[in-house]
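Summary of structural features
Here is what each chain is made of, one letter per residue.
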Amino acid sequence: MLGVMGGQLIVKWIMKNKIQILTGIVFSLLFSSCREKDVVPIVELHPQKSIEVLSDSSLFSKVRRMKAYQGDIFITEVGRGQILRLDADLNLKNTIGGKGNGPTEMVEMEGLDISGDTIAVFDVGNARIQFYDLSGKHLGAIPFRDLPIGNKWDLSFCAGEIVCNNSRIALDSAFVRMSVKDTSDKAFFGRLDRFDSEMQTYIRNGHFFFEDGEWLWAVSDNLPFLDRYDRFGNHVERYDFSQLPVIKDAIAYVQIQQKKTNSYATLINGACFDSERKRMYLLCNSWIEGEFFRNRILVLDLSSGKIQPECVWKLPDDVYRTMCLVGDKLYVFNGSRCLIERFGV
């Protein structure tokens, strides 16, 4: 009898308070939905193949950049002063350049891009931009001692023009676009981020660049920003990814460290862009309980016109240096073990 009476009381209470109960359920579902959207899934990757010795019996030593082009992988191997061209199965196809100060040689290569079967690479040690064809034939060079090129040695090479970071910050522009045929034909543009000192402003406006049809994408190496520009240099949008956990934790760690006027900490150590899938891949620096890692890749989806985080790829070792993609294969240089690894994605 008591059980029946108790059941009737519960039914009456539910009927009396049904509006409040339904409202609570709706808010709970909305909150849960929002939380799910805020969470960026972490996907652990495992290598399909790796190499530490090339077919000419040489080892990797100091890989700085990797670039995919027509199904091949081009790698700047600073220890050899060469660009290595590998196929998708990591077989060596040919080498480009050589170490030294001669006209066709290189020292301390950095930024690398390829357009129309022509390779452009920053030969920092010899203060010039070198040009080669895919077979390794030297096509010429542009000395840059007197050019307004900033200290972040990255570039975009497309349609006979070079885009790179600008050293003349007094012009209040972050980038410079120059004609390869005539470097006096140049234009300054881009959003310049100002800091506490001129030195910090100069060294902290470094970016990675990617051309995509009518757009130019610029990724800061030390700020959580992805900027988009049109072909005329107009700033279109800035995407702030500082609230994503993989970046937020790194920012929190960097902010409590002692700051020096002539140095800074990077958040992004490498980037690559898939023009077919419209995805941006950012190799992130992380500090977990004070220990340094560089093994997480933030994947951003640009396909819908609205930039959205898709996932984070977690690599098995602690420190990676650079990366590129060929189709559904990710290639990375494992800095912990000095080898190239291939992952299926």
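Above this text is the structure in question.
Quantities reported herein were computed from a predicted structural model and do not represent experimental measurements. (Residues numbered from 1 in each chain as written. Predicted model: local features only at pLDDT ≥ 70, side-chain atom pairs only at ≥ 80, totals over all residues. Heavy atoms only, no water.)

1. Examining the environment of G190
Selection rule: The helix and strand labels rest on DSSP assignments: H or I over at least four residues marks a helix, E over at least two residues marks a strand, and numbering proceeds from the N terminus. Between buried and exposed lies partly exposed: a residue is buried under 20% and exposed over 50% of the maximum accessible area for its type, with that area taken using a 1.4 Å probe on protein chains only. Contacts between residues were defined by any pair of non-hydrogen atoms, one from each residue, lying within 4.5 Å.
Its place among the elements puts G190 in the loop between β14 (186–189) and α3 (198–203). On the basis of relative accessible area, G190 is assigned to the buried category, the value being 17%. Sequence spacing of G190 and N234 is 44 residues, and the spatial spacing of their C-alpha atoms is 7.4 Å. Apart from residues no more than four positions distant in its own chain, G190 is found in contact with D172, S173, A174, F175, Y229 and G233.

2. Examining the sheet that holds strand β18 (residues 235–240)
Put simply, the rule is: By the convention used here, strands pair only if DSSP detects at least 2 bridges between them. To get an axis, fit a line to the C-alpha atoms, keeping to the stretch in contact for a helix; angles then go from 0 to 180 degrees between the N-to-C directions.
Across the sheet, four strands lie side by side as β15-β16-β17-β18; this open sheet has antiparallel pairing. The sheet is open, and its two borders are formed by β15 (207–212) and β18, each paired with just one other strand. The average undirected angle you get between the axes of adjacent strands in this sheet is 20 degrees. Of the strand pairs in this sheet, β15 and strand β16 (residues 215–220) are connected by six bridges, and their pairing is antiparallel. From the neighbouring strand, F210 faces β16, where its bridge partner is W217.

3. A look at the sheet that holds strand β21 (residues 291–301)
Reading across the sheet, the five strands line up as β1-β22-β21-β20-β19 and stay open at both edges, with mixed pairing between neighbours. Both outer strands of the open sheet, β1 (42–44) and β19 (268–274), are each paired with one neighbouring strand and no more. When strand polarity is set aside, the average angle formed by the axes of neighbouring strands in this sheet is 30 degrees. Bridging between β21 and strand β22 (residues 308–314) involves six bridges; their strand directions are antiparallel. Paired with L300 across the bridge in β22 is P309. Along the sheet, helix α4 (residues 245–255) makes contact with β19, β20 (279–288), β21 and β22, crossing β20 at roughly 45 degrees.

4. Digging into the packing of aromatic side chains
Centre-to-centre distance and the angle between the planes together describe a pair of aromatic rings. Spelled out, the test is: Each Phe, Tyr or Trp ring, with Trp reduced to its six-membered ring, pairs with another whose centre is within 6.5 Å; inter-plane angles below 30 degrees give stacked pairs, above 60 give edge-to-face pairs, and intermediate values give tilted ones.
With the rule as written, the count across this model stands at 14 aromatic pairs. On the numbers, 6.4 Å between centres and 65 degrees between planes, the contact of F60 with F333 is edge-to-face. A residue pair is termed long-range when its members are at least 10 positions apart, and F60 in the loop between β2 (47–51) and β3 (63–69) and F333 in strand β24 (residues 329–334) qualify at 273 residues. Accessibility assignment for this pair places F60 and F333 in one class, buried. Taking 6.1 Å as the distance between ring centres and 35 degrees as the angle between the ring planes, the aromatic pair formed by Y239 and F241 counts as tilted.

5. Quick word on unusual backbone geometry
If you check the backbone angles, L90 has positive phi at about 70 degrees while not being a glycine. With respect to the secondary-structure elements, L90 resides in the loop between β5 (82–86) and β6 (92–96). Owing to a relative accessible area of 5%, L90 belongs among the buried residues under this scheme. Despite not being glycine, D172 shows a phi value in the positive range, around 60 degrees. Among the structural elements, D172 can be located in the loop between β12 (161–165) and β13 (175–179).

6. Some details on α4
The test is simple: By arc we mean the arc of the directions from the helix axis to the C-beta atoms, nothing more.
Taken together, the buried positions of α4 are V246, I247, A250 and I251. Buried positions in α4, seen along its axis, are confined to an arc of 120 degrees and lie on one side of it. Pointing more than 90 degrees away from the buried face of α4 are the exposed residues D249 and Q255. The inward-facing, buried residues of α4 abut β19, β20, β21 and β22.

7. Here we look at the nonpolar core
Soluble, globular proteins show a tendency: their nonpolar side chains are buried together. Short version of the rule: Only buried Ala, Val, Leu, Ile, Met, Phe, Trp, Tyr and Cys residues count toward a nonpolar core, and they belong to the same one when joined by side-chain atoms within 4.5 Å.
In this structure, L226, F241, M280, L282, L298 and L300 are the most contacted members of the largest nonpolar core, which totals 26 residues. Here F241 is in contact with L223, P224, F225, L226, I247, I268, L282 and L298, once residues within four sequence places are set aside.

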